[in-house]
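# Summary of structural features
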Amino acid sequence: MYLTELLTKIVYDSNKEKLGKIKDVVISPDKAYPKIEAIKIKANGEFYFIPSSYIKEITGNKVLLTTPLEDIKQYPKQDSQIKLSRDILDRQVVDMEGSKIRRVNDVEISYKMGDYYIIGVDIGVNGLFRRLGMGGLSKKIKHQDNIISWKDIDSLDFSNLKLKVSKKKLRKLHPADIAEIVDDLGISDSMSILNSLDDESAADAFEEISPEKQKTILTEMEEKEAADLVDEMSPDDAADLLATISDEKKEEILELMDPEESQELRELLEYPENTAGGVMTTEYASVIGNISTKEVMNEIRQIADEVETLYYIYILSAEEKLEGVVTIRELLLNDDETMIYDYMIKDVVSVDVNEEETEVAKIIAKYNLIALPVVDEREKMKGIITVDDAIDIILPTAWKKRLPKMFR
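Every value quoted in this text rests on a predicted model; they were computed, and no experiment measured them.

### Let's talk about the pattern of salt bridges
Oppositely charged side chains can pair when the atoms bearing their charge come close. Applying the stated criterion to the full structure yields eleven salt bridges. As a salt-bridge pair, R266 and E251 come within 2.9 Å of each other at their nearest N and O atoms. Here R266 is found in helix α13 (residues 259-269), whereas its partner E251 is found in helix α12 (residues 247-256), with 15 residues between them in sequence. You can call R266 partly exposed: its relative accessible area is 26%. Ionic pairing is found between D376 and R378, a salt bridge with its closest N-O pair at 3.6 Å. Note on R378: relative accessible area 53%, which makes it exposed. Here the salt bridges do not stand alone but share partners, grouping D106, D122 and R130 into one network.

Structure, rendered in structure tokens:
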């Protein structure tokens, strides 16, 4: 039997007096397969909660009770009780492993040893047909059932139903898959999922979320929580996000961040949005001076986890001026003792921090670059713009967050 079928049945007491239709069904969420505790009906203009112990049988289009209505002791209201129609129908099931969100169209009920139990939710088209009063059509078409067992439902929060999944499994999802789920959820559920992840995983997923949702979530977060999240984000993405929120909230977050990360973001926020400085990231691989290939490799190993792309390694002077660039391939092809100045590319294509972002994209496309260094008026290196940033510049906003985070 299904909930939608039960809601069409008329309740009769032991005197065969017609009371009214079932309005809802009450369950308790404390079991793998919860028992129906009571049915809610409207009789004589009032609502009654009739304990399931008074149900004699459910047959055809009728529910027969064992007692006259006036002799029934109503089911007491409890904070933990769940009403299936109110709390479950049309709720979303978040399938973490399938990275999908589906809507609950019906609830499956089973009878065993005198009691009725909730055994699953129907997220398929059959449930939708029953909701529309077309159950007969559903049987003729024979669509595949899409029943999720109730024991696999995390029933602690019914703003959305979530399939039970361990944090370990959740972390295995690609950040873009997590972001797709979060984008379709309400704010509280979105924050709940992000909070279940470690800081790095949460930041990776957060960067893939739509800009509008990012702003809303960050605004709703506690300042310390927001600061920890922004701390783990790529500087360019973090700066873009902070630029969208109020100055007051932005300052509170920056004050609570790691001082070094906070200072980097403050500097990025000073650049106009549509300039090279406004879209660059400060996370890049660089070494100082004319050192050996072996020394370069040793330094790269230490910073590899902190940079956005490891394809290019920039060689800087003691004053941090851009002097040359090498690729990882060139490092691997040269002997350990060969000095970096002997084979680095000295004529490096770069752009000024104030260059228009559209020109930046053109330069990256013209020279087939994976990343483009950004320098100030003194040729001091300030950051890089990666090819995915360039694609972001060219593509419409709606498509930006659909792109993979390449070359990390």
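### Side note on helix α6 (residues 175-183)
Taken residue by residue, α6 has I178, A179, I181 and V182 as its buried positions. Buried residues of α6, viewed axially, fall in a sector of 160°; they line one side.

### Brief notes about the packing of aromatic side chains
Here the structure, examined in full by the defined rule, presents four aromatic pairs. Summarising the aromatic geometry, the rings of Y111 and Y116 are spaced 4.9 Å apart at their centres and angled 55° between planes, so their arrangement reads as tilted. Taking 6.2 Å as the distance between ring centres and 55° as the angle between the ring planes, the aromatic pair formed by Y312 and Y314 counts as tilted. By relative accessible area, which is 12% here, Y312 ends up buried. Here Y314 falls in the buried class, since its relative accessible area comes to 2%. Ring pairing ties together the aromatic residues Y284, Y311, Y312 and Y314, which thus form one cluster. Sitting over the ring of F47, K40 keeps its end group 4.5 Å from the ring centre. If you follow K62 out to its NZ or CZ, it ends over the ring of Y12, 5.6 Å from the centre.

What counts, and at which threshold
- Residues numbered from 1 in each chain as written.
- Predicted model: local features only at pLDDT ≥ 70, side-chain atom pairs only at ≥ 80, totals over all residues.
- Heavy atoms only, no water.
- Salt bridge = Lys/Arg side-chain N within 4 Å of Asp/Glu carboxyl O.
- Helix = DSSP H or I, 4+ residues; strand = E, 2+ residues; numbered from the N terminus.
- Buried < 20%, exposed > 50% of the residue type's maximum accessible area, 1.4 Å probe, protein only.
- Arc of directions from axis to C-beta.
- Phe/Tyr/Trp six-rings, centres within 6.5 Å; stacked < 30°, edge-to-face > 60°.
- Lys NZ or Arg CZ within 6 Å of the ring centre and 35° of its normal.

By themselves, these observations are geometric and do not establish any function.
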